[in-house]
Amino acid sequence: MLIKRYCVQAIDTALKTHLAEHGQPIFWLIVASDMQTAWNKFCTQRFGVLKPNPADYDISLEREQRT
């Protein structure tokens, strides 16, 4: 089985500052089969029904691991 881990991180300076000031993380690791699924999981887990501005975040493949 191939496990893919994606890193979603805040890239907007004001957002990063706000998150850091309030003790919130500025990046998240999401396990998903593809990038779109990772983004959807991030949005659902972090924001619920609200949708974030995709321009404020970057998502990239962190690591692939065979198990």
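Our subject is the structure that appears above.
Small disclaimer: the values here were computed from a predicted structure and weren't measured.

(A) A look at the overall build of the protein. Helix and strand content of the protein: 2 helices and 3 strands. Listing every helix and strand of the protein by position from the N terminus yields β-α-β-α-β. In terms of overall dimensions, the protein has C-alpha extents of about 40 × 20 × 20 Å along its principal axes. Evaluated residue by residue, the protein yields a buried proportion of 24% over its 67 residues. Of the roughly 4700 Å² that the protein leaves accessible, carbon and sulfur atoms contribute 54%. Each charge class in the protein can be summarised by its mean position, and for the 8 positive and 7 negative side chains these summaries are 9 Å apart.

(B) Helix H2 (residues 35-47), seen in detail. Taking 1.5 Å of rise per residue, 13 residues should cover 18 Å, and H2 covers 18 Å from first to last C-alpha, within 8% of that figure. Taken together, the buried positions of H2 are Ala38, Trp39, Phe42 and Cys43. For H2, the arc enclosing every buried residue in end-on projection is 135°, short of the 170-degree limit, so these residues lie on one face. The exposed set on the far side of H2, more than 90 degrees from its buried face, consists of Thr44 and Gln45. Where the residues of H2 are buried, they touch strand E1 (2-10), strand E2 (27-31) and strand E3 (57-66). Its side-chain oxygen 3.2 Å from the backbone nitrogen of Gln36, Asp34 forms the N-cap of H2. In the segment just after H2, Gly48 is the residue with positive phi, at about 65°.

(C) Seen up close, the nonpolar core. In this structure, Val8, Trp28, Trp39, Phe42 and Tyr57 are the most contacted members of the largest nonpolar core, which totals 14 residues. Broken down by secondary-structure element, the contributors of at least two residues to this core are E1, helix H1 (13-21), E2, H2 and E3. A per-element tally of this core places H2 first, with 4 residues. Each residue touching Tyr57, except ones within four places of it in the same chain, is listed here: Val8, Gln9, Ala10, Ile11, Leu15, Trp28, Trp39, Phe42, Phe47 and Pro52.

How each quantity is defined
- Residues numbered from 1 in each chain as written.
- Predicted model: local features only at pLDDT ≥ 70, side-chain atom pairs only at ≥ 80, totals over all residues.
- Heavy atoms only, no water.
- Helix = DSSP H or I, 4+ residues; strand = E, 2+ residues; numbered from the N terminus.
- Buried < 20%, exposed > 50% of the residue type's maximum accessible area, 1.4 Å probe, protein only.
- Areas by Shrake-Rupley, 256 points an atom, 1.4 Å probe, with all protein chains shown as cover.
- Lys, Arg positive; Asp, Glu negative; His and termini not counted.
- Charge placed at Lys NZ, Arg CZ, Asp CG, Glu CD.
- Expected span 1.5 Å × (residues − 1).
- Arc of directions from axis to C-beta.
- Contact = heavy atoms within 4.5 Å.
- Polar contact = N/O pair within 3.5 Å; in protein donor to acceptor, adjacent residues only side chain to side chain.
- Core = buried A, V, L, I, M, F, W, Y, C linked by side-chain atoms within 4.5 Å.

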